[in-house]
Amino acid sequence: MTIKPNMILIFSVFLLVGMSVLIIFFVPVINTLSSIQASQVNDTFFANDMNKSQIDSTSNPILLKQLGLDSLYQHLNNTISGLMTLAENPLNGSISSENFPLVNLTNEMKISYHGIPSDQDIEKRNVARDALAKNSALLAISLLLPNGDRYFGEPYYPYQANGSIFNFGHQDHFKGVMETKKPYLSNVLMAVTTGEPIAILASPIYLDLENQDSPIVGIQILTLNFSYFNDLLKSEIPTEGANDTVSTNRVVIVDSNGTKIAESSSINNDITEFKDLQSFQNAKAGITGSIIETMGDNDLTISYAPIDFAQSKWILLSLSTH
């Protein structure tokens, strides 16, 4: 049978159209599968390539375990959660609009005692003492008035009695609370009473404790105890890195400026040496992971994880030699 040229032409047209439809259908499918595979690869933890081991999540327990930071991270996070509970419930709810301030702060008190005398407003002082006794992460608890004047500080000595400053309205943590009306964490600073490095967690006290739109009648100041965090690091130093072959030499906690808060070793060095590290910058951006970096003359594997704390972040760094 002879096939006419017109029939061959029609058949060829149908064949071309059919192939075009198949290409249009399958190409998006192939592209989609490729995207899924690429995504899966990008989300994989590269245990053998430390420069690629990072993920945009600080709460990934598998990754933290691979980095050897899970136990320490959890313990530190629990401590911070407890401090935030105190910040959000000043003096365990013992303050009300009727009893704060209970004593009128005079100029003589400011000059002589840097607040009210030690035998005044004993009920609140006792609540503060009890909170300090139960939380070794704290050095002191103070109350400020809305103008920044100290109402009292516990322990009275040295945190109220020492020094000559009684107004803290110029300090960043006071300004931060008044502006945000939320708990506010300072970076590392030097205590005006003792000269020791501290951080302060400040929080507002409202006229109506149930209404955060009501006026602020005072500020609670929680002074953090860096010795507690040093001891915490020393008691929970990770012994293995992400590839199970790296021994950890140092673990440090730094603030959002890169200033050292605590460390596991007794190395006495520049407390701001961490601020230029890429690991610090990654953690500050909310990333958890591990990279190889040079510090001084040494190449170190540095595992890192950020921990949210009030409006800021603390950064956990684990530095290991090869």
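Definitions and limits used
Numbering of residues starts from 1 in each chain and follows the order in which that chain's sequence is written. Restriction of local features to residues with pLDDT of at least 70 applies here, the model being predicted, together with a cutoff of 80 or more for giving and counting side-chain atom pairs; totals for whole chains, interfaces and linings are based on all residues. Side-chain descriptors were evaluated using all non-hydrogen atoms of the structure, hydrogens and water having been removed beforehand. Nine residue types can take part in a nonpolar core, namely buried Ala, Val, Leu, Ile, Met, Phe, Trp, Tyr and Cys, and a core is a set of them joined through side-chain atoms within 4.5 Å. Classification of residues uses two cut-offs on accessible area relative to the type maximum, computed with a 1.4 Å probe and protein chains only: under 20% is buried, over 50% is exposed, and between them is partly exposed. Only DSSP runs of H or I with at least four residues qualify as helices, and only runs of E with at least two residues qualify as strands; both kinds are numbered from the N terminus onward. Contact criterion: two residues are considered in contact whenever any of their non-hydrogen atoms come within 4.5 Å of each other. Only strands joined by at least two bridges in the DSSP assignment are considered to pair. For this analysis, a ring pair means two rings from Phe, Tyr or Trp (six-membered ring only for Trp) whose centres lie within 6.5 Å, classed as stacked if their planes differ by under 30 degrees, edge-to-face if by over 60, and tilted for the remaining angles.

**Regarding the nonpolar core**
- Counting residues in hydrophobic clusters, the biggest one holds 52 residues, and the most contacted among them are Leu 224, Phe 229, Ile 253, Phe 309 and Trp 314.
- Ranked by the residues each element gives to this core, the list is headed by helix α3 (residues 70-88), at eight residues.
- Ignoring sequence-local partners within four residues, the contact set of Trp 314 consists of Ile 80, Leu 185, Leu 224, Phe 229, Ile 253, Val 254, Asp 255, Ile 261, Ala 305, Pro 306, Ile 307 and Phe 309.

**Considering the pairing of strand β12 (residues 298-309)**
- Burial runs high along β12: nine of the twelve residues are buried.
- Here strand β11 (residues 288-295) pairs with β12 via seven bridges, running antiparallel. Paired with Gly 289 across the two strands is Tyr 304, which belongs to β12.
- Between β11 and the antiparallel strand that follows it, β12, lie two residues; Gly 296 among them carries a positive phi value of about 65°.
- Where β12 and strand β13 (residues 312-320) come together, nine bridges link them in antiparallel fashion. Paired with Ser 303 across the strands is Ser 318, a residue of β13.
- Here β12 hands over to β13 after two residues, with Ala 310 in that stretch at a positive phi of 55°.

**Concerning the packing of aromatic side chains**
- Following the criterion strictly, the structure yields five aromatic pairs and no others.
- Taken together, a centroid distance of 5.1 Å and an interplanar angle of 75° make the contact between Phe 100 and Tyr 151 edge-to-face. With Phe 100 in the loop between α3 and α4 (107-113) and Tyr 151 in strand β3 (residues 150-154), this residue pair connects regions lying 51 residues apart in the sequence.
- Between Phe 229 and Trp 314, the aromatic rings sit 5.1 Å apart at their centres with planes inclined by 85°, giving edge-to-face as the arrangement. One end of the pair, Phe 229, is in helix α8 (residues 226-235); the other, Trp 314, is in strand β13, with 85 residues separating them in the sequence.
- For Phe 229, a relative accessible area of 0% gives the class buried.
- One aromatic cluster is present, formed by Tyr 228, Phe 229, Phe 309 and Trp 314 through successive ring pairs.

**Things to note about unusual backbone geometry**
- The linkage connecting Glu 154 with the following residue, Pro 155, adopts the cis geometry, with an omega of 0°.
- If you trace the backbone, Pro 155 turns up in the loop between β3 and α6 (156-159).
- A cis amide bond, omega 10°, links Tyr 157 with the succeeding residue Pro 158.
- Residue placement: Pro 158 occurs in helix α6.
- Although it is not a glycine, His 114 sits at a positive phi angle of roughly 60°.

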